[in-house]
Amino acid sequence: MTLFQEFIKFSLGKGEALSHKLTEQDWLSLYAEAQRQSLFGVFMDGVERAVALGEPKPQRLMQWIAKVMALEQRNKLLDEKAAELTRIFADDGFKSCILKGQGVAKLYPRPYRRQCGDIDIWVEGGREKILAYLKGKYKIGSPVIHHVDVDVWDGVPVEVHFIPSFAYSPFRYRKFKRFFSVQAQSQFDNYSKEYGFATPTIEFNVIYSLMHIFHHVLHEGIGLRQLLDYYYILKTYKGNKEVIMKILASLGLDRFAVAVMYVEKTFFDLESEYLLCSADASLGSFLLDEIKRSGNFGKYDERYKNVNRKNGWSVYLHNVRRNMLFLKFCPSEVIWSPIWKPCHFVWRKIKGYM
């Protein structure tokens with residue numbers, strides 16, 4: 001077990017002590033990896049535990065504390081803006097639900113220490129109706145099939161989702177849309193007076209978050225932050241696991257699920273009682289290696305170093321080659337991805353979205 005893996009578990013409150021006294025080089029290594037994986041806030045829990053147990057304070061402790069304090073303030077701001085955005089949509093007749101970040105953070109023991117990003121909000125009404133409304137009120141970006149960037153406030157990125165996610169395979173995409181259609185009302189109605197916005201039910205999140213993780217694995221890479229989100233989702237879910245696995249199988253995500261269970265069990269030491277199914281060591285080891293190599297959203301993937309990210313064709317060819325690695329998870333998604341991307345480009349052109 002690496003020091004990084006041990007420290008993640010320690011930060012989650014597992015283990016009475018670390019296996020050895022930390023050197024300054026150890027602290028520097030942990031600091032760098034926390035940055036790669038967007039886990040500064042969670043690691044701060046481990047830093048506090050370690051120092052309380054007599055470990056030497058890292059030289060960058062004040063820098064670390066400053067980053068975490070800024071993170072906590074940012075989370076509070078995003079919560080306020082999520083509530084405000086919910087009120088704006090509600091006043092104009094749209095139900096909504098805050099997806100991912102600010103909703104999942106509520107499952108953490110210290111929600112404000114989860115690394116935050118933008119505000120993702122799922123809005124009821126369908127793509128064309130929502131776009132017509134947004135265009136009359138805000139500056140928007142170029143829409144894609146499932147969401148559009150909206151400039152509501154300076155410094156607070158907002159993504160308005162027409163549907164929570166999508167699939168490259170048209171057959172699987174229809175299944176995704178059917179699932180979201182059935183689930184939509186329950187999510188919009190799951191409003192919290194405490195937060196001032198609706199968040200997904202845990203039953204929805206245990207499916208949707210796995211969709212989201214898999215999409216990012218194919219699209220650009222995924223980091224441990226999203227897997228830690230799923231750790232807390234699994235810890236919270238108390239329902240029928242067999243039903244969940246049947247749904248995941250119908251959506252083509254069952255093989256990916258067994259790989260994720262391996263990561264949750266091996267890397268985060270998630271207790272077996274919370275796993276949805278048995279873990280697959282072969283698939284899981286492969287996924288874990290990809291996570292370690294990619295960092296948060298693939299930003300640290302060395303395989304990208306010779307790719308011109310400003311050149312769409314270069315990125316497309318790289319992603320097509322890279323996606324072939326994931327045939328073992330869901331062959332149809334990988335096979336459809338090189339077809340879907342140019343079709344999506346043409347569709348956006350025809351719709352006037354570019």
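Please read these numbers as outputs of a predicted model, since none were measured by experiment.

**Let's talk about the pattern of salt bridges**
Considering all chains together, one arrives at 15 salt bridges under this definition. In this structure, R172 and E333 form a salt bridge, with 3.8 Å as the shortest nitrogen-oxygen distance. Pair noted here: R172 is in helix α7 (residues 170-188) and E333 is in helix α14 (residues 331-351), with a separation of 161 residues, a long-range link. E333 sits in the buried class, given a relative accessible area of 5%. The structure contains a network of salt bridges with shared partners spanning D45, E48, E72, R110 and R113.

**Some remarks on the nonpolar core**
Among the nonpolar cores identified, the biggest contains 90 residues, and Y230 and L276 are the most heavily contacted of them. Among the elements that take part in this core, helix α8 (residues 202-219) stands out by supplying 11 residues, more than any other. Discounting chain neighbours no more than four positions away, the residues touching Y230 are N205, V206, S209, L210, I213, V260, M261, E264 and L276. Judged by nonpolar contacts, the second largest core, of 28 residues, contains I88, V150, V152 and F162.

**Regarding the packing of aromatic side chains**
Following the criterion strictly, the structure yields 35 aromatic pairs and no others. Taken together, a centroid distance of 4.4 Å and an interplanar angle of 40° make the contact between Y108 and Y232 tilted. Taken as a pair, Y108 in the loop between α5 (101-104) and β2 (119-123) and Y232 in helix α9 (residues 224-236) lie far apart in primary sequence, 124 residues in all. Both residues of the pair, Y108 and Y232, count as buried. Judged by centre distance (6.1 Å) and plane angle (70°), the rings of F171 and W336 are edge-to-face.

**Topic: unusual backbone geometry**
In this model, S38 sits at a positive phi of 55°, which is unusual for a non-glycine residue. Within the fold, S38 resides in the loop between α2 (24-36) and α3 (40-52). We classify S38 as buried; its relative accessible area is 13%. Even without being glycine, K100 reaches a positive phi, approximately 55°. Following the sequence through the fold, K100 ends up in the loop between β1 (96-99) and α5.

**Section: α9**
Between its first and last C-alpha atoms α9 spans 18 Å; for 13 residues at 1.5 Å apiece the expected length is 18 Å, and the two agree. Judged by how many residues are buried, α9 sits mostly within the fold: 11 of 13 residues are covered.

**With respect to the pairing of strand β4 (residues 147-153)**
Regular strands show a simple pattern: their side chains alternate between the two faces of the sheet. With five of seven residues buried, β4 lies mostly within the body of the structure. The pairing of strand β3 (residues 139-140) with β4 spans two bridges and is antiparallel. Paired with I140 across the strands is V150, a residue of β4. From the end of β3 to the start of β4, which pair antiparallel, there are six residues. With five bridges joining them, β4 and strand β5 (residues 156-161) adopt antiparallel strand pairing. Its bridge partner being in β5, H147 is matched across the sheet by H161. In this antiparallel pair of consecutive strands, β4 and β5, the connection spans two residues, and G155 shows a positive phi of 80°.

**As for the packing of helix α1 (residues 3-11) against α3**
For any two helices packed against each other, one specifies the crossing angle of their axes together with the interaxial distance. Remark: α1 packs on α3, axes separated minimally by 8 Å, with the N-to-C direction vectors making an angle of 85°. Judged by the inter-axis angle, α1 sits roughly perpendicular to α3. When α1 is examined against α3, the residues F4, F7, I8, F10 and S11 are found in contact with a partner set consisting of V42, F43, D45, G46, V47, R49 and A50. In terms of residue class, the contact of α1 with α3 is built from eight nonpolar, two polar and two charged.

**Looking at the sheet that holds β1**
Pairing within the open sheet is mixed, and its five strands lie in the order β1-β2-β5-β4-β3. Two strands bound the open sheet, and with one partner strand each, they are β1 and β3.

**Focus on a positive patch on the surface**
On the surface, R174, K175, K177 and R178 cluster together to form a positively charged patch. Note that R178 resides in helix α7.

**A few points about the environment of K95**
Counting through the fold element by element, K95 comes out in the loop between α4 (61-91) and β1. Since its relative accessible area comes to 36%, K95 is described here as partly exposed. Residues K95 and Y353, 258 residues apart in the sequence, show an inter-C-alpha distance of 24 Å. In contact with K95, other than residues within four places in its own chain, are W122, V123, E124, Q185, F188 and D189.

Each value, and the rule that gives it
Residues numbered from 1 in each chain as written. Predicted model: local features only at pLDDT ≥ 70, side-chain atom pairs only at ≥ 80, totals over all residues. Heavy atoms only, no water. Salt bridge = Lys/Arg side-chain N within 4 Å of Asp/Glu carboxyl O. Helix = DSSP H or I, 4+ residues; strand = E, 2+ residues; numbered from the N terminus. Buried < 20%, exposed > 50% of the residue type's maximum accessible area, 1.4 Å probe, protein only. Core = buried A, V, L, I, M, F, W, Y, C linked by side-chain atoms within 4.5 Å. Contact = heavy atoms within 4.5 Å. Phe/Tyr/Trp six-rings, centres within 6.5 Å; stacked < 30°, edge-to-face > 60°. Expected span 1.5 Å × (residues − 1). Pairing = 2+ DSSP bridges. Axes fitted to C-alpha atoms, helices over the stretch in contact; angles between N-to-C directions. Parallel < 35°, antiparallel > 145°, perpendicular 65-115°, else oblique. Nonpolar A, V, L, I, M, F, W, Y, C, P; charged D, E, K, R; others polar. Patch = residues over 30% accessible without salt bridge, like charges linked within 9 Å, V, L, I, M, F, W, Y side chains within 5 Å. Areas by Shrake-Rupley, 256 points an atom, 1.4 Å probe, with all protein chains shown as cover. Lys, Arg positive; Asp, Glu negative; His and termini not counted. Charge placed at Lys NZ, Arg CZ, Asp CG, Glu CD.

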